[in-house]
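Analysis of the macromolecular model
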Amino acid sequence: MASVSVTNARKSYGNFEVLHGVDIDIQDGEFVILVGPSGCGKSTLLRMIAGLEDISAGGISIGSRLVNNVPPKERDIAMVFQSYALYPHLTVEANMGFSLKLAKASKEEITRRVREAAQILGLEHLLQRYPRNLSGGQRQRVAMGRAIVRNPQVFLFDEPLSNLDAQLRVQMRSEIKQLHQRLKTTTIYVTHDQVEAMTMADKIVVMRDGFVEQIGAPLDLYDRPANLFVASFIGSPGMNLIRGEICTTGPLTFIAEGGFELPLPPEATVTHGAKVVYGIRPEHITIGQGSVSTQVVLIEPTGAETQVTTKVGPQQLIVTVRDRVDIHSGDPIAIAPDVSKLHLFDKATGKRLT
Amino acid sequence: MKPTYLYRLMIWVGIAVLLIWSLGPIYWTIASSFTPTDDFSVRPIHFFPQHLTFDHYARLLGINIARIGGVEVFKQFRAALVNSVVTSVAATFLCVAISALGAYAFTRLEFPGRKVLFVLVVATLAIPAYAVLIPLYQIMINLHLVDTYVGVALIYVSAFLPLSLWLLRSVFEALPIALEEAAQLDGAGRLYIFFNIVLQLAGPGLTAAAILTFLGAWGQYLVPLIFSPQATKPLTVLIPEFVTKNFVDYGLITASGSIAIIIPALVVIFLNRYLVSGLLAGSVK
Ligand SMILES: Nc1ncnc2c1ncn2[C@@H]1O[C@H](COP(=O)(O)OP(=O)(O)O)[C@@H](O)[C@H]1O
Ligand SMILES: [Mg+2]
């Protein structure tokens, strides 16, 4: 196990820079997830850590060793590819033992370690099969098995679950997390799925367009997103974001672009006339009472909770309620944001204000 | 839509024409090889041989001793058959081995001038053999390689390498690079990856390259006519020699021609099973 640190890492393909100076510190044994929309450079960064892409500028260290010029095989890392990349002409057992064989481990040791890993992953009965005879989920497990067998310093995962169906994805999510709790190997995991990131990570790195937007524990990102991007990216359904400005005189209120008013907490530290974005999560709005009159547009019950889409002027606001409600689309309804859970962002920079 | 009667008729006529076109000469060769020498001068000619004989094969295989120009026919034939097999097999192995290594380098290694070099090599496909025959002859004379297996095989290799290289490069390009990256992380070096991953998965491509090269080498006439005049003379050069000043030995020509057809046919049938694709199934989604 080892810590990993990425210092001002940049990556260019020709004149086209795809990573613009990334800094991440990963503690020994931590489960870190790189998350962001497709094309933001997550895979590139992971592959730079693996040594599959060279580093245009900056540094990457594993443990205390700077690995910029260390070839992949000497970095003592294992990677699980999105496509699994199982060797099709080798059995599951040979796939899993491939690296040990290359490391010239004895036959007995290879067998022992492959069996151990197979047991952890429930693959014992599949050891003699070929990848083509496995289901998607089994292939995924074999790919993980191949990584576990090596007992590396760091595990790297590149969207390992994206080829699985939804149900299996949820199951593998918890299995990977349990595996990490058991092995405690430093893990860097790439996904574009914020739910995966929220549920699995010790620490999330939110990326966009080659920049790191925010790094933090899942709930910290949820509760205090540093900017509009993180606010809208983390959480499902997403945070309601309403553009507008603070009133110019009198007690502080927020005037949305559609002309309606929303309440601010009394202690809000904003200036009159400031152009801001008002952010409130769907579960922090109560319905049935309050100062904002809206109209119900859509009701989406999920069983545990109900998602109500309401409309104020041109703006749609999503509210989630835990209780069963007897309302219908078209009904007028009053709502009240919980101002203690309010997020305010600067409209120009997108940065969090309070 | 149900195909109309006319449409089906056209398809069948097309197939029939193609079959006659490609199989007709082969049938004629084989049928003639069983026709007694005397029947060749009978007119009108018959589609089916009127009498059957194994005499021509007997002469070729040395069961009946026959001589042309004082040399026993079957000894000549046996030597030419061996020569054809040796040069074609050697050329095939060399060509596939070299082009596999080369194609892999062109696919996965970054080196300056990679694209230009590849285009140049493949462009040599457009150069007809007769254009380089004379300078090549001078080179081979100086290297003392005329009428040697090495010389002929090398010429074949140089002739078929570009095609094979081109074919194998597209085969390698189609292999998922993630497999090689996984092997790299597992601790494998370039050559290990090449031999233990890439070549294992490129079987169908290698087979196709081998078949193309073998068939190409087997059918060469002009090159061995010049570079294999005696000791390494192959079947293609020997067979026309059964035409002598006074007598065209159709029986020998067609019997040896039949054998010359059967060998590559067997090679293709044998290799065909390795052409099956689907080897990659299950490795990457
Ligand atoms: N080999 C390459 N050459 C040029 N551009 C590349 C290459 N690989 C990736 N990119 C670009 O780098 C950016 C980040 O890619 P990637 O790291 O794969 O994104 P992500 O994994 O976050 O979806 C993308 O804009 C992509 O087009
Ligand atoms: Mg990616």
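It should be emphasised that the depicted structure is a prediction, and the values quoted were computed from it without experimental measurement.

Regarding the domain arrangement of chain A
Reports of interface size often rely on the accessible area that becomes lost once the parts have come together. All names here are of chain A. When cut into domains, chain A gives domain 1 (4-232) and domain 2 (240-346). The straight-line distance from the C-alpha centre of domain 1 to that of domain 2 is 39 Å. Taken residue by residue, the interface counts nine residues in domain 1 and six residues in domain 2. At the boundary of domain 1 with domain 2, total buried surface from both sides reaches about 630 Å², with 64% on carbon and sulfur atoms. It is Tyr 222, Leu 228 and Ala 231 in domain 1 that bury the most area against domain 2; as a group they hold 70% of the surface buried on that side. Linking domain 1 with domain 2 are zero salt bridges. Inspection of the region where domain 1 meets domain 2 yields two residue pairs in polar contact (both at pLDDT 80 or more). Elements that contribute at least two residues to the side of domain 1 that touches domain 2 include exactly helix 7 (218-223) and helix 8 (228-233). When grouped by side-chain class, the residues that make up the side of domain 1 that touches domain 2 number six nonpolar, two polar and one charged.

Thoughts on the site of ligand 1
Residue and element names in this part refer to chain A. Taken together, Tyr 13, Val 18, Ser 38, Gly 39, Cys 40, Gly 41, Lys 42, Ser 43 and Thr 44 make up the full set of residues adjacent to ligand 1. The contact in question runs from an oxygen atom of ligand 1 to an N or O atom on the backbone of Cys 40, over 3.2 Å. Gly 41 places a main-chain nitrogen or oxygen 3.0 Å from an oxygen atom of ligand 1. Protein contact buries 59% of the 560 Å² of open area that ligand 1 shows by itself. For the shell around ligand 1, the element with the most residues is helix 1 (residues 42-50), which contributes three residues. Here the shell around ligand 1 is built from residues that sort into three nonpolar, five polar and one charged.

Here we look at the domain arrangement of chain B
Residues and elements named next belong to chain B. Looking at the assigned domains, one finds that chain B contains domain 1 (5-67) and domain 2 (73-275). If you look at the interface, domain 1 gives 16 residues, while domain 2 gives 16 residues. At the boundary of domain 1 with domain 2, total buried surface from both sides reaches about 1,300 Å², with 78% on carbon and sulfur atoms. Contact with domain 2 buries area across many residues of domain 1, yet Thr 29, Arg 59 and Leu 60 alone supply 42% of it, more than any other trio. Applying the counting criterion to the domain 1 and domain 2 interface returns one salt bridge. When the shortest N-O distance is used, the salt bridge between Arg 59 and Asp 249 registers 2.7 Å. Counting the contacts that link domain 1 with domain 2 gives three residue pairs in polar contact (both at pLDDT 80 or more).

Considerations on the environment of Phe 98 of chain A
With respect to the helices and strands, Phe 98 of chain A occurs in helix 2 (residues 92-102). For Phe 98 of chain A, a relative accessible area of 6% puts it in the buried group. Put simply, Phe 98 of chain A and Ile 110 of chain A are 12 residues apart on the chain and 8.9 Å apart in space, counted from C-alpha to C-alpha. When neighbours within four sequence positions are excluded, Phe 98 of chain A is seen to be in contact with Tyr 87 and Leu 90 of chain A together with Ala 183, Asp 186, Ala 188, Tyr 192 and Ile 197 of chain B.

Observations concerning the layout of surface pockets
A volume near 560 Å³ is recorded for the largest pocket. Lining the largest pocket are 18 residues, with Leu 52 of chain A together with Arg 108, Ile 177, Gln 184 and Arg 190 of chain B sitting closest to its centre. Among the elements of the structure, helix 3 (73-108), helix 7 (177-185) and helix 8 (190-201) of chain B are those that each provide at least two residues to the lining of the largest pocket. With four residues, helix 7 of chain B is the single largest residue contributor to the lining of the largest pocket. Residue composition of the lining of the largest pocket, by class: six nonpolar, four polar and eight charged.

Considering the side chain of Glu 180 of chain B
All names here are of chain B. Mapped onto the fold, Glu 180 is located in helix 7. A relative accessible area of 5% places Glu 180 in the buried class. Not counting residues within four places of it along the chain, the set of residues in contact with Glu 180 comprises Tyr 104, Arg 108, Arg 190, Ile 193 and Val 198.

What to know about the pairing of strand 11 (residues 240-246) of chain A
All names here are of chain A. As paired elements, strand 11 and strand 14 (residues 275-280) share six bridges and run antiparallel to each other. Bridge pairing in strand 14 links Leu 241 to Gly 279. When strand 11 meets strand 12 (residues 253-256), the two strands line up antiparallel, connected through three bridges. Each bridged residue has a counterpart across the sheet, and for Glu 245 the counterpart in strand 12 is Ile 255. Hairpin geometry of strand 11 and strand 12 is characterised by an intervening segment of six residues between the two adjacent antiparallel strands and by a positive phi of about 80 degrees at Gly 250.

Topic: the environment of Ala 178 of chain B
For Ala 178 of chain B, the location among the structural elements is in helix 7. A relative accessible area of 12% means that Ala 178 of chain B is categorised as buried. Residues Ala 178 of chain B and Ala 153 of chain B lie 25 residues apart in sequence; the distance between their C-alpha atoms is 37 Å. Residue contacts for Ala 178 of chain B: discarding those within four places in its chain leaves Phe 81, Ser 83 and Ala 85 of chain A.

A closer look at the interface of chain B and chain A
Of the residues lining the interface, 23 residues belong to chain B; the matching set on chain A comes to 25 residues. For the chain B and chain A pair, buried surface summed over both sides reaches about 2,200 Å², with 63% attributable to carbon and sulfur atoms. Connecting chain B to chain A are two salt bridges. Among the ionic pairs, Asp 186 of chain B bridges to Arg 150 of chain A, the shortest N-O distance being 3.5 Å. Where chain B meets chain A, there are six residue pairs in polar contact (both at pLDDT 80 or more). Ranked by residue count, the leading element in the side of chain B that touches chain A is helix 7 of chain B, at seven residues. Class assignment for the residues of the side of chain B that touches chain A results in 13 nonpolar, seven polar and three charged.

Overview of the pattern of salt bridges
Throughout the structure, instances matching the rule amount to 20 salt bridges over all chains. With a closest N to O distance of 3.9 Å, Glu 173 of chain B and Arg 169 of chain B form a salt bridge. In this pair, Glu 173 of chain B and Arg 169 of chain B are both assigned in helix 6 (residues 149-174), four residues apart and thus about one turn of the helix distant. Given the relative accessible area of 45%, Glu 173 of chain B is considered partly exposed. With relative accessibility at 23%, the residue Arg 169 of chain B sits in the partly exposed group. Notably, a salt bridge pairs Lys 233 of chain B with Glu 241 of chain B, separated by 2.9 Å at the nearest N-O pair. On the basis of relative accessible area, Lys 233 of chain B is assigned to the buried category, the value being 12%. Shared partners join several salt bridges into a network, and the residues in it are Lys 11, Arg 47, Glu 53 and Asp 54 of chain A together with Glu 181 of chain B.

About the criteria used
- Residues numbered from 1 in each chain as written.
- Chains lettered and ligands numbered in written order.
- Predicted model: local features only at pLDDT ≥ 70, side-chain atom pairs only at ≥ 80, totals over all residues.
- Heavy atoms only, no water.
- Domains from an automatic or database assignment.
- Contact = heavy atoms within 4.5 Å.
- Buried area = accessible area lost by both parts, 1.4 Å probe.
- Salt bridge = Lys/Arg side-chain N within 4 Å of Asp/Glu carboxyl O.
- Polar contact = N/O pair within 3.5 Å; in protein donor to acceptor, adjacent residues only side chain to side chain.
- Helix = DSSP H or I, 4+ residues; strand = E, 2+ residues; numbered from the N terminus.
- Nonpolar A, V, L, I, M, F, W, Y, C, P; charged D, E, K, R; others polar.
- Near = heavy atom within 4 Å.
- Areas by Shrake-Rupley, 256 points an atom, 1.4 Å probe, with all protein chains shown as cover.
- Buried < 20%, exposed > 50% of the residue type's maximum accessible area, 1.4 Å probe, protein only.
- 1 Å grid on protein atoms, 1.4 Å probe; cavity = no way out; pocket = protein on both sides within 12 Å on 5 of 7 lines; lining within 4 Å.
- Points joined across faces, edges and corners; volume = space filled by probe spheres on them.
- Pairing = 2+ DSSP bridges.

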